[in-house]
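Residues per chain are reported as follows:
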Amino acid sequence: MIRVRVVGVALDPAQQHVILLKPVDTATDGDLVLPVWIGAQEAMSILVAIEGTGSPRPLAHDLTTAMLGELSASVERVEVTHLDAGTFHARVLLATPAGPRTFDARPSDAIALAARSGGSIWVAADVLAEAGVPDDAVEIESSAEDDRVEEFRRFLDDVDPDDFQG
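Residues numbered from 1 in each chain as written. Predicted model: local features only at pLDDT ≥ 70, side-chain atom pairs only at ≥ 80, totals over all residues. Heavy atoms only, no water.

A general trend in soluble globular proteins is that nonpolar side chains are found buried together. Counting residues in hydrophobic clusters, the biggest one holds 33 residues, and the most contacted among them are Ile19, Leu21, Leu34 and Val123. A per-element tally of this core places helix H4 (residues 107-117) first, with five residues. Dropping the residues within four chain positions of it, Val123 is found in contact with Met1, Ile2, Val4, Leu21, Leu34, Val80 and Leu128. (Core = buried A, V, L, I, M, F, W, Y, C linked by side-chain atoms within 4.5 Å. Buried < 20%, exposed > 50% of the residue type's maximum accessible area, 1.4 Å probe, protein only. Helix = DSSP H or I, 4+ residues; strand = E, 2+ residues; numbered from the N terminus. Contact = heavy atoms within 4.5 Å.)

Turning next to the environment of Gly8. Topologically, Gly8 is positioned in strand S1 (residues 2-11). Taking the C-alpha atoms as reference, Gly8 lies 8.1 Å from Leu47; in sequence the two are 39 residues apart.

Turning our attention to the environment of Trp37. Among the secondary structure elements, Trp37 is positioned in strand S3 (residues 32-38). The exposure class of Trp37 is partly exposed, given its relative accessible area of 48%. Along the backbone, Trp37 and Gln16 are 21 residues apart, and their C-alpha atoms lie at a distance of 7.0 Å. Setting aside residues no more than four positions away along its own chain, Trp37 makes contact with Asp12, Gln16, His17 and Val18.

Have a look at this one:
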């Protein structure tokens, strides 16, 4: 396993969200970035967490983190474990009063939890070798992402539960 950090969230040419993971120790792990495609909501959730901005109402990952805290459990680490037919698989490792627990998860959910809880993010070496791309092949447009986060915040400020009534 190779420890990584989130270096950004970007849009690919097809306008799909991609989270970019880069090894913490580039001296031994090379200059690769692992792009993991995620949904728009997960992208916003991760951006809100890594920027530490919060939201007026708790997002699903905020709720999960709060529940874990109330149960005296914490996210120890998350791992992107393997790639199967183009789909990344992950797991969340928790420290609980009853001992360690492991749960299968989508990488986007696992990373969102790690970003909120301070848990470390790890990627299997063979996943990075198979799906990693040279970091100079990836461009992150931070101003576009900042605009998207601001737009999401405005949505959360203005949304009314009655808007979802059928």
